[in-house]
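Breakdown of the fold
Chain residues, written in single-letter form:
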Amino acid sequence: MSDVIRSSAHASTTTSAEAAASTSAEDVRTGMSSEALRQAIEDHLRYSLGRPATLLQPKHYYRALALAVRDRMQQRWIETTQTYLDLSRKVACYLSAEFLLGPHLGNNLLNLQLEDQARTALAALGQDLDEVLACEEEPGLGNGGLGRLAACYLDSLATLERPAIGYGIRYEFGIFDQEIHDGWQVEKTDNWLADGNPWEIAKPELNYHVGWGGRTESYTDERGRYRVRWIPQRAAKGVYYGTPIQGYGVNTCNTLTLWSARAIQSLALDAFNAGDYYRAVDDQVVSETLTKVLYPNDQPEVGKQLRLAQQYFFVSCSLQDMLHLLEDFAGLPVRDLSNRVAIQLNDTHPSIAVAELMRLLVDERDLDWDEAWQITVASLGYTNHTLLPEALETWPLSMFQRFLPRHLEIIYEINRRFLDQVRARFPGDEDRVRRMSLIDEDGDRRIRMAHLATVGSHAVNGVAALHSELLKTTVLKDFYEMWPERFSNKTNGVTPRRFVALANPGLRRLLDQRLGEGWLRDLDRLRALAPLAGDPALQQQWRAVKRENKARLSDYVRANTGIALDPDWLFDIQVKRIHEYKRQHLNLLHIITAYHRLKQRPDLEIGPRAYIFGGKAAPGYTMAKLIIKLVNSVAETVNADRDVNDRMKVAFIPNFNVQNAQVIYPAADLSEQISTAGKEASGTGNMKFMMNGALTIGTRDGANVEIREQVGAQNFFLFGLTVQEVQRVLGQGYRPRDYIAESDELTAVLGLIADGRFSRGDTEVFAPLIANLTDHDPFLVIADYADYLRAQQEVDATWRDTESWTRKSILNSAHSGKFSSDRAIAEYCDDIWNITPVPIGSAKD
């Protein structure tokens, strides 16, 4: 029922003045017109912010608009939650240590289809929407692809009207802000909550106690059964913070629940009265440390302990909340858990859920072991995100014994029963038993969390076709042979709402004009572009959109680095976490090769190109930080050299995050996806570039394989060893010096770095990187160098044929539909979770 109809009905029992007042008040909270939004902004400026007009700044208009938009989500949010509870629908519960959400305001305006109204409302108040949007502090609650994937999945779950709750940690300080000083990364505190967060609603009364340390004791219950109780040494409480996740063009508004640690008793009054002020607040300080920082440095032992405590804390709060919703709100027995929730573990960080759910069922709800185990396995699913051995999380037994003694006992029992199954299935194969054990007995005994998650879940999936196959043949091979039915693939996806519609408004307008507005919820409709890829009119429009995006990025780069880039040049972009396996240094070797060639042959025909990097290195990762230094050192040299800077420039964009990613992805001509084959699980940046019309230069790794399959080999610049070739080269005893000796050009390029050409004559600063490449090269940079250069020459030749490049660019966007997170999340819902759509009635009814 519309606001107008509702007002007319109300007027029959009230005076006209009262009716007008009622309508006005209701419109200010829920009205979707620009005038209602303008009034709402003014109301929040006055009543929520309490700011006099003379003191108002754009940041205050941001907060007022954010609160006004949240008001318009509120009814949808309540109705969505109530519908799920009333109908006792099955709900997906997505457990992730990271949710890299990005700024909320623009995304919520898009999903509510309020962008034009917001722009008009702000203009009436003398403000510019773009300036107001720029005031939002990005919540840096993730490190990279894992957290961004989780955020995309929440967007898709709401858009597809699938019941879901995201569960994570409300880190007080997010991923560090990156500054570049003399070419080096410097980490600065990300105090994203300094000015508050208008999107969340805290519910302090909704909290759960979480213990750690202490001891266990066994007893016999009244039925004569053996039982164990855990008596923790310390405890904290997790306090609920809810954030609405609005779907696009629907009334569904799901929930992201983030837990913040608080002391159960904030002040020890006896200590305070005795003058011992430090002891008086000790419990509060220790408790709140749990959720203080995203990914504390885990090089020292205390950092590892905090990581384990964080993971257990948010998992325990989340599982307790699920049981609370099941038993107290839905009124259902705990035995119905797996029929009402599907709990997905996003990588190994939440894998302690296997032991914690068993503890909650066996110790606190008195279920027998076998029944509790059946419920646990049926409720849990596990997504693996890595093939790198060092990224497969393990924890020392001694640490578990100190912090989670009851969970260690439960893991021992799970392992005993599981290994009995292994021995029954594969009699006499004790080597297999050793490999599959949840406990790594070699050296310092450790718990293998990926094994725990695999054993305790009914479904295990990888995140790209190649990755899922490699899981079956490498790190989880034994488990696949035991339970092949548990394994499947769910190739990652990204939301086109944020990474096309919001990031690339010019392309959105073009696609709306050519395809109609429905493509944002059905990305396969982009295929209709393919037959038009050679159309001169479309090509001209396409190039105009791309150039506008490149000009926007050029302005951003100049403002943040002082480097001027020409939007008419080829923009060659590699933005992602800095890591040796992602091989930013291979990209650098090509850049230095191009520089060397131009210095040797000034008349060389070469298309002008801007090489653009971005990404953060883990604070303790020395080699990654050295790569950042080399990027900036090469940029300093190349950009200042008049012999070459009219044909090549290099820039490093500091503090890569979701906000500036929305400027970067649409501007790319070439997407660098050059990881060593078999090392990248999937990648999602490759998908964002593709959707925005970038061509990919890449290896046969992760989702690159599927991108190439979708767009066609002729529209993808392929190079490098295959997974099998990588394994063969390493197996034969890889010697990078042999490859270097066969290439005078590579020898010269490495010599330029070693001799200090890019470090003001300092021959020591990059010596560790050169030594690593020449003596070890674990990710086969040197082995792939020659073929990478060949592919880059193909890029250069194609770029000079403007019509051919544009056609390939259009075809990349046209065939990107598979990589929508809508497709990915629908597969999770249909194949693993059994979560069906639940449409929510109109918020105006």
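Residues numbered from 1 in each chain as written. Predicted model: local features only at pLDDT ≥ 70, side-chain atom pairs only at ≥ 80, totals over all residues. Heavy atoms only, no water.

On to helix α24 (residues 536-561), then. For α24, which comprises 26 residues, the first-to-last C-alpha distance of 36 Å matches the rise-based estimate of 38 Å (1.5 Å per residue) to within 8%. Burial in α24 covers these residues: Leu538, Gln539, Trp542, Val545, Lys546, Asn549, Lys550, Leu553, Ser554 and Val557. Positive phi shows up at Gly562, right after α24, with a value of about 80 degrees. (Helix = DSSP H or I, 4+ residues; strand = E, 2+ residues; numbered from the N terminus. Expected span 1.5 Å × (residues − 1). Buried < 20%, exposed > 50% of the residue type's maximum accessible area, 1.4 Å probe, protein only.)

To continue, consider the nonpolar core. With 214 residues, the main nonpolar core has Leu95, Phe400 and Trp833 as its most contacted residues. Both domain 1 (81-491) and domain 2 (497-829) contribute no fewer than three residues apiece to this core. Those residues in contact with Phe400, other than ones at most four positions away along the chain, are Leu308, Ile352, Trp395, Pro405, His407, Leu408, Ile411, Ile447 and Met449. (Core = buried A, V, L, I, M, F, W, Y, C linked by side-chain atoms within 4.5 Å. Domains from an automatic or database assignment. Contact = heavy atoms within 4.5 Å.)

Here we take up the sheet that holds strand β15 (residues 459-462). Pairing is mixed in the open sheet, where nine strands are placed in the order β5-β8-β9-β2-β1-β10-β11-β15-β16. Lying at the two open borders of the sheet, with one neighbouring strand each, are β5 (201-212) and β16 (487-489). Strand after strand, the sheet turns through a mean of 25 degrees between neighbouring axes, direction not considered. Of the pairings in the sheet, the one linking β15 to β16 comprises three bridges and is parallel in character. Its bridge partner lying in β16, Asn461 is registered against Ser488. Sitting on the sheet, helix α12 (residues 301-329) touches β1 (91-95), β2 (164-169), β5, β8 (234-246), β9 (253-263) and β10 (341-346), and the angle it makes with β5 is about 115 degrees. (Pairing = 2+ DSSP bridges. Axes fitted to C-alpha atoms, helices over the stretch in contact; angles between N-to-C directions.)

A complete count under the given rule lists 19 aromatic pairs for this structure. Ring plane angle 90 degrees and centroid distance 5.5 Å describe the contact between Tyr480 and Phe487, whose orientation is recorded as edge-to-face. Among the residues examined, Tyr480 registers a relative accessible area of 27% and is labelled partly exposed. Summarising the aromatic geometry, the rings of Phe499 and Tyr665 are spaced 5.9 Å apart at their centres and angled 85 degrees between planes, so their arrangement reads as edge-to-face. Taken as a pair, Phe499 in helix α22 (residues 496-502) and Tyr665 in the loop between α27 (658-664) and β20 (670-673) lie far apart in primary sequence, 166 residues in all. No difference in accessibility class separates Phe499 from Tyr665, as the two residues are buried. (Phe/Tyr/Trp six-rings, centres within 6.5 Å; stacked < 30°, edge-to-face > 60°.)

Here the focus is the UniProt feature "modified residue: N6-(pyridoxal phosphate)lysine" (unreviewed entry) in the chain. UniProt's entry tags Lys688 with the feature "modified residue: N6-(pyridoxal phosphate)lysine" (unreviewed entry), counted in the numbering of this structure. On the secondary structure map, Lys688 appears in helix α28 (residues 685-691). When sequence neighbours within four positions are dropped, the list of residues in contact with Lys688 reads Arg148, Val494, Phe499 and Tyr665. (UniProt positions renumbered as here; feature names shortened; annotations may be inferred.)

Now for the pattern of salt bridges. Summed over all chains, the structure comprises 65 salt bridges. Notably, a salt bridge pairs Glu481 with Arg432, separated by 2.8 Å at the nearest N-O pair. Pair noted here: Glu481 is in helix α21 (residues 477-482) and Arg432 is in helix α18 (residues 430-436), with a separation of 49 residues, a long-range link. Its salt-bridge partner being Lys599, residue Asp643 comes within 2.8 Å of it at the nearest N-O pair. In this pair, Asp643 is assigned in the loop between α26 (622-640) and β19 (648-653) and Lys599 in helix α25 (residues 584-600), connecting sequence segments 44 residues apart. Salt bridges sharing common partners tie together Asp429, Asp431, Arg432, Arg434, Arg435, Asp442, Lys477, Asp478 and Glu481. (Salt bridge = Lys/Arg side-chain N within 4 Å of Asp/Glu carboxyl O.)

The phi dihedral of Glu161 falls on the positive side, at around 60 degrees, and the residue is not glycine. Assignment of secondary structure puts Glu161 in the loop between α8 (145-159) and β2. For Glu161, a relative accessible area of 16% puts it in the buried group. Of note, the phi angle at Arg583 is positive, near 60 degrees, even though the residue is not glycine. Mapped onto the secondary structure, Arg583 falls in the loop between β17 (570-575) and α25.

What follows concerns the domain arrangement of the chain. For the chain, the assigned domains are domain 1 (81-491) and domain 2 (497-829). On the domain 1 side of the interface with domain 2, the three residues burying the most area are Gln178, Trp184 and Thr491, jointly 14% of the side's total. At the surface where domain 1 touches domain 2, the tally comes to five salt bridges. In this structure, the salt-bridge partner of Arg508 is Glu115, at a minimum N-O distance of 2.9 Å. Counting only elements with at least two residues in the side of domain 1 that touches domain 2, the list comes to α5 (105-112), α8, β3 (177-181), β4 (184-188) and α20 (465-473). (Buried area = accessible area lost by both parts, 1.4 Å probe.)

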